[in-house]
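# Fold and contact review
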Amino acid sequence: RLPIADLKRECAQFHVAAAGLKSKSEPEQRAELVERLFHAVAREAWESKGIPVRRLGTMQAAANLVERISRLENMSVDALRREHAALGMPKGVGQLNTRKDLLELHKTVALWRELPLKELQKECKELDVSSAGFSKRPTDEEQRAELMERLLLGLCLGDWEKRGVQVRRVDTLQAARRLVERSEQLSAMSTGELLKEFGNLGL
């Protein structure tokens, strides 16, 4: 067990603050310094592997993300496809035909689930997805759930709009899916079938 003086030197080496300890007794101070050092070493190791610890805000969120990514990396292609289906995204979106593509998608979604609200709003901006316009004053958790839905919809936009489907006019992934499915049904119809559909509108 290192003396507190030695622990403080270790902290200086890793650019960890050794001042402002909350504990008063020496054993508690030692434990607090060890915890700070552990977090610093873990943060450096995780960030070297692409985990944005500072964006995540807490070590617990970072640990959750590391654990989730580890599980994803051990999944088979079929398991990743089941995860994809559970998101409510159509199979063809984004041409996610390879394990690598599926894995990258699920890593992105895993990151979104751990990001604090402000960082999630930044993700919306990058995907050109609105992070405003809530119908009521939602809680932070309700906002997070809504923004997750919008971000998933944002992943689909480019692929669907290439097919001529204007999904930006809808607000939810479920509504976008219905719109795409209906568009595909209409595209597969013959001229006679389309005329019949038009007649059914009663216009």
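If you're wondering where the values come from, they're calculated on a predicted model, not measured in any experiment.

With that out of the way, let us pick up the overall build of the chain. Broken down by element type, the chain carries 10 helices and 0 strands. Ordered by position from the N terminus, the helices and strands of the chain form the series α-α-α-α-α-α-α-α-α-α. The buried share of the chain, taken over its 203 residues, is 35%. Across the chain, contacts joining residues at least 24 apart in sequence account for 44% of those joining residues at least 6 apart. By element, 51% of the accessible surface of the chain is carried by carbon and sulfur atoms, the whole surface being about 13,300 Å².

One can describe the packing of helix 1 (residues 4–13) onto helix 2 (residues 26–48) by two numbers: an axis separation of 10 Å at closest approach and a directional angle of 20°. When the axis of helix 1 is compared with that of helix 2, the two are roughly parallel. Seen along the crossing, helix 1 lies across helix 2 with a hand that is left-handed. Here Ile-4, Leu-7, Lys-8, Glu-10 and Cys-11 of helix 1 lie close against helix 2, whose contacting residues are Glu-26, Gln-29, Arg-30, Leu-33, Val-34 and Leu-37. Grouping the amino acids of the contact of helix 1 with helix 2 by side-chain chemistry returns 6 nonpolar, 1 polar and 4 charged.

To continue, consider the nonpolar core. Of all hydrophobic cores here, the largest spans 31 residues; its most connected members are Trp-46, Ile-51, Leu-56, Leu-65, Val-109, Trp-112 and Leu-120. Listing elements by their share of this core, those giving two or more residues are helix 2, helix 3 (53–56), helix 4 (59–73), helix 5 (77–86), helix 6 (99–114), helix 7 (117–126) and helix 8 (140–162). Per-element accounting of this core gives the leading share, 7 residues, to helix 6. Those residues in contact with Leu-120 that sit more than four places away from it in its chain are Trp-112, Leu-115, Arg-144, Leu-147, Met-148 and Leu-151. Core analysis: the next-biggest nonpolar cluster, separate from the first, contains 9 residues, Val-16, Ala-18, Leu-21 and Leu-33 among them.

For the rest of this paragraph, the subject is helix 6. Helix length check: helix 6, at 16 residues, gives a terminal C-alpha distance of 23 Å against a target of 22 Å (1.5 Å per residue), a fit within 8%. Of the positions making up helix 6, those classed as buried are Leu-102, Leu-103, Leu-105, His-106, Val-109, Ala-110, Leu-111 and Trp-112.

Attention now moves to the environment of Glu-149. Checked against the element boundaries, Glu-149 lands in helix 8. The spatial distance from the C-alpha of Glu-149 to the C-alpha of Leu-87 is 9.4 Å, given a sequence separation of 62 residues.

In the structure shown here, the tally under the stated rule is 13 salt bridges. The salt bridge involving Glu-119 is made with Arg-55; its shortest N-O contact spans 2.7 Å. In this pair, Glu-119 sits in helix 7 while Arg-55 sits in helix 3, placing the two residues 64 residues apart along the sequence. Accessibility expressed as a relative area gives 12% for Glu-119, which makes it buried. Using a relative accessible area of 26% as the deciding quantity, one classes Arg-55 as partly exposed. Here Glu-141 ties to Arg-144 by a salt bridge, and the two come within 4.0 Å at their closest N and O atoms. You can see Glu-141 and its partner Arg-144 sitting in helix 8, 3 residues apart, about one turn around the helix. With a relative accessible area of 57%, Glu-141 lands in the exposed category. Residues joined in a network through salt bridges with shared partners are Arg-55, Glu-119, Lys-122 and Glu-123.

Each value, and the rule that gives it
Note that residues are indexed from 1 along each chain, following the sequence as it is written. Local features in this predicted model are restricted to residues of pLDDT 70 or higher, and side-chain atom pairs are both shown and tallied only at a pLDDT of 80 or more, whereas totals for entire chains, interfaces and linings draw on every residue. The side-chain quantities take in all heavy atoms of the structure and omit both hydrogens and water. To qualify as a helix, a DSSP run of H or I must reach at least 4 residues; to qualify as a strand, a run of E must reach at least 2; elements of each kind are numbered from the N terminus. Relative accessibility under 20% of the residue-type maximum defines a buried residue, over 50% an exposed one, and the middle range a partly exposed one, all with a 1.4 Å probe and only protein chains included. Should any heavy atoms of two residues lie within 4.5 Å, those residues are counted as being in contact. The method behind every accessible area is Shrake-Rupley, applied with a 1.4 Å probe, and residues are considered shielded solely by the protein chains displayed. To obtain an axis, a line is fitted to C-alpha atoms, over the contacting stretch when the element is a helix, and the angle between two such axes runs from 0 to 180 degrees between their N-to-C directions. Each angle gets one of four labels, with under 35 degrees taken as roughly parallel, over 145 as roughly antiparallel, 65 to 115 as roughly perpendicular, and the rest as oblique. Rotating anticlockwise by less than a right angle from the far helix to the near helix defines a left-handed crossing, while the corresponding clockwise rotation defines a right-handed one. For this scheme, ten residues count as nonpolar: Ala, Val, Leu, Ile, Met, Phe, Trp, Tyr, Cys and Pro. Four count as charged, namely Asp, Glu, Lys and Arg, and the remainder, Gly too, count as polar. Working definition of a nonpolar core: buried Ala, Val, Leu, Ile, Met, Phe, Trp, Tyr and Cys residues. They are joined through side-chain atoms within 4.5 Å. Multiplying 1.5 Å by the residue count of a helix minus one yields the expected span of that helix. Salt bridges are defined as contacts in which a side-chain nitrogen from Lys or Arg sits within 4 Å of a carboxyl oxygen from Asp or Glu.

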